Structure formats: structure tokens, C-alpha cells
Amino acid sequence: MSLILPMTAFALAASISPGPVNLVCLSSGTRYPLAKGLTFVTGATLGFILLFVTIGLGLYSVLTVVPGFNAFLRWAGVAFLLYLSVQLFRDDGRLPEGETRKALGFMTGAIMQWLNPKAWLASASGIGAYTSGHDLREVIMFAMLYMPICWLSLSCWVYAGVYLRRYIQRPVVLITLNRALALLLAASCIYLLIE
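This text gives an overview of the structure that appears in the document.

Calculation notes
Residues numbered from 1 in each chain as written. Predicted model: local features only at pLDDT ≥ 70, side-chain atom pairs only at ≥ 80, totals over all residues. Heavy atoms only, no water. Helix = DSSP H or I, 4+ residues; strand = E, 2+ residues; numbered from the N terminus. Buried < 20%, exposed > 50% of the residue type's maximum accessible area, 1.4 Å probe, protein only. Areas by Shrake-Rupley, 256 points an atom, 1.4 Å probe, with all protein chains shown as cover. Phe/Tyr/Trp six-rings, centres within 6.5 Å; stacked < 30°, edge-to-face > 60°. Expected span 1.5 Å × (residues − 1). Arc of directions from axis to C-beta. Contact = heavy atoms within 4.5 Å. Core = buried A, V, L, I, M, F, W, Y, C linked by side-chain atoms within 4.5 Å. Polar contact = N/O pair within 3.5 Å; in protein donor to acceptor, adjacent residues only side chain to side chain. Axes fitted to C-alpha atoms, helices over the stretch in contact; angles between N-to-C directions. Left-handed = near helix turned anticlockwise from the far one by under 90°. Patch = residues over 30% accessible without salt bridge, like charges linked within 9 Å, V, L, I, M, F, W, Y side chains within 5 Å. Salt bridge = Lys/Arg side-chain N within 4 Å of Asp/Glu carboxyl O.

This brings us to the overall build of the protein. Across its full length, the protein carries eight helices and zero strands. Going residue by residue from the N terminus, the α and β elements of the protein occur as α-α-α-α-α-α-α-α. Considering the protein as a whole, with its 195 residues, one finds that 47% of them fall into the buried category. For the protein, the exposed surface amounts to about 10,100 Å²; the carbon and sulfur share of it is 71%.

Further remarks concern the environment of Ala-9. Among the structural elements, Ala-9 can be located in helix α1 (residues 4–16). Using a relative accessible area of 47% as the deciding quantity, one classes Ala-9 as partly exposed. Through-space distance from the C-alpha of Ala-9 to that of Ile-149 is 9.5 Å; in sequence the pair is 140 residues apart.

Attention now moves to the packing of aromatic side chains. What the rule picks out here adds up to 10 aromatic pairs. Between Phe-142 and Tyr-146, the aromatic rings sit 5.6 Å apart at their centres with planes inclined by 35 degrees, giving tilted as the arrangement. Here Phe-142 pairs with Tyr-146, and both are found in helix α7 (residues 136–165), just four residues apart, close to one helical turn. You'll find Phe-142 and Tyr-146 in the same group, each marked buried.

Take α1 next. Along its 13 residues, α1 runs 18 Å from first to last C-alpha, staying within 8% of the 18 Å computed at 1.5 Å per residue. Along α1, the residues that are buried comprise Met-7, Phe-10, Ala-11, Ala-14 and Ser-15. Axial view of α1: buried residues confined to an arc of 120 degrees, hence all on one face. Its buried side turned inward, α1 meets α2 (20–31), α6 (117–130) and α7.

On to the nonpolar core. In this structure, Val-21, Cys-25, Phe-48, Phe-52, Met-112, Tyr-146 and Leu-154 are the most contacted members of the largest nonpolar core, which totals 46 residues. Ranked by residue count, the leading element in this core is α7, at 10 residues. Aside from chain neighbours lying at most four places away, what touches Cys-25 is Phe-40, Val-41, Leu-154, Trp-157 and Val-158.

Next up on the list: the side chain of Gln-113. As for its placement among the helices and strands, Gln-113 is situated in helix α5 (residues 106–114). A polar side-chain atom of Gln-113 sits 3.4 Å from the main-chain carbonyl oxygen of Ala-44. Excluding its chain neighbours within four sequence positions, the residues that come into contact with Gln-113 are Val-21, Ala-44, Gly-47, Phe-48, Leu-51, Ala-119, Trp-120 and Leu-154.

The interhelical angle for the contact between α1 and α7, taken along N-to-C directions, is 35 degrees, at an axis separation of 8 Å. Crossing handedness for the pair α1 and α7: right-handed. Across from Ile-4, Met-7, Thr-8, Phe-10, Ala-11, Leu-12, Ala-14, Ser-15 and Ile-16 in α1, the residues of α7 making contact are Met-141, Phe-142, Leu-145, Tyr-146, Ile-149, Cys-150, Ser-153, Leu-154 and Trp-157.

Before going further, it helps to spend a moment on a nonpolar patch on the surface. There is a patch of nonpolar side chains on the surface, built from Leu-46, Phe-106, Met-107 and Ile-111 and spanning about 360 Å² of accessible area. A total of three residues in the nonpolar patch trace back to one element, the largest contributor, which is α5. Position of Met-107 relative to the elements: it lies in helix α5.

Topologically, Cys-156 is positioned in helix α7. A relative accessible area of 43% places Cys-156 in the partly exposed class.

A separate point is the environment of Arg-31. Tracing the backbone shows Arg-31 in helix α2. Owing to a relative accessible area of 4%, Arg-31 belongs among the buried residues under this scheme.

Laid out in C-alpha cells, this is it:
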């Protein structure tokens with residue numbers, strides 16, 4: 001029980017701090033109806049929790065034994081994030097009316113977490129710091145604390161985008177915001193490569 005407060009604080013700090021998924025949530029809130037953004041958030045949250053539990057059950061130790069797998073994950077993550085950056089940068093700035101099929105969905109959110117180095121780092125460091133490593137009960141308890149915190153944190157980014165949406169009705173403003181977010185997303189990739 002003495003670990004619940006530190007685990008909660010760690011989960012909040014890791015979930016709400018800016019990262020690739022958070023930037024995509026913000027962009028989704030500016031472009032699409034709230035429900036579409038929250039669908040992405042739900043996928044990202046469940047994808048992260050699955051990654052978290054998998055790492056807690058020993059995947060991280062496998063990564064240290066399989067040569068090149070870490071590098072493969074890093075490059076796959078960077079490629080996916082750069083793809084999203086290009087799509088965001090090329091956006092025409094027109095808000096969809098009634099048509100929302102281009103919105104990122106549940107599966108994109110889930111897959112994005114598995115390709116997100118920030119999610120791997122948060123999972124590995126959280127498991128290492130707050131569990132004894134192979135205790136399934138501790139890992140599950142931490143994951144159950146993490147789930148609502150992650151969902152609410154990512155939702156805050158979507159709601160921030162929804163709030164900004166009322167101020168960016170002109171396409172030129174949305175293009176500027178999208179390009180700034182795309183550049184931040186690409187910059188996070190550069191940071192991952194030089195780290």
C-alpha cells in the first residue's frame with residue numbers, strides 16, 4: 001500500500017508529459033469530434049497497458065539478450081513517428097464537417113504505443129522502480145493504477161485540442177499549428193536517434 005502514492009505520481013508524470021502520443025492527441029482534438037479523439041486515447045491507453053504488463057512479465061530482459069532488437073524497435077518507432085509527422089505537416093488545414101474517416105483510430109493508438117520509445121522507457125523504468133520484477137500481482141496492481149491515469153492524461157490533450165479548435169477556424173491557423181506539431185514530432189525523433 002505504501003507504493004500506491006509513488007506509483008500514481010510516476011504514472012501521472014509519465015502520462016501527461018509531452019510526447020509523441022500526446023501531440024497526436026492534441027492534433028486529433030483540433031481536427032475531429034471528441035469521440036474520435038477519445039477512441040484513439042482508448043487504443044493508446046490499452047496498448048500502453050499491454051506493453052507495460054508484457055515488459056513487467058519479462059519482455060525487457062528478452063530485449064537485452066536479442067541483439068539488434070532494441071535498434072529495430074527504435075528505427076520502426078522513428079519511421080512511424082516521421083510518417084505521422086509528414087501527414088500532419090501536409091494537412092490542408094480544413095476542418096472536416098461530417099466526414100471523419102481520416103481520424104486516427106483505436107488500433108493506431110494501440111500500435112503507436114508499441115512503437116513509442118517514451119512508452120518503453122516509462123514502462124521499463126516504472127517496473128524497475130516500483131515492482132520486484134517478476135511479481136505478477138505487483139505488475140497488475142501498477143497497471144490498474146496506470147490505466148485510468150493514462151486515459152485521463154491523454155484525454156486532457158484531446159480536450160486541449162478541442163478547446164483550441166474554436167480559435168483556429170481559419171485554415172491558415174490550423175496549418176500553422178499542424179506544422180508546428182509536426183516539427184515537434186519530428187524533433188522528438190531526432191532526439192531518439194541521438195540519445
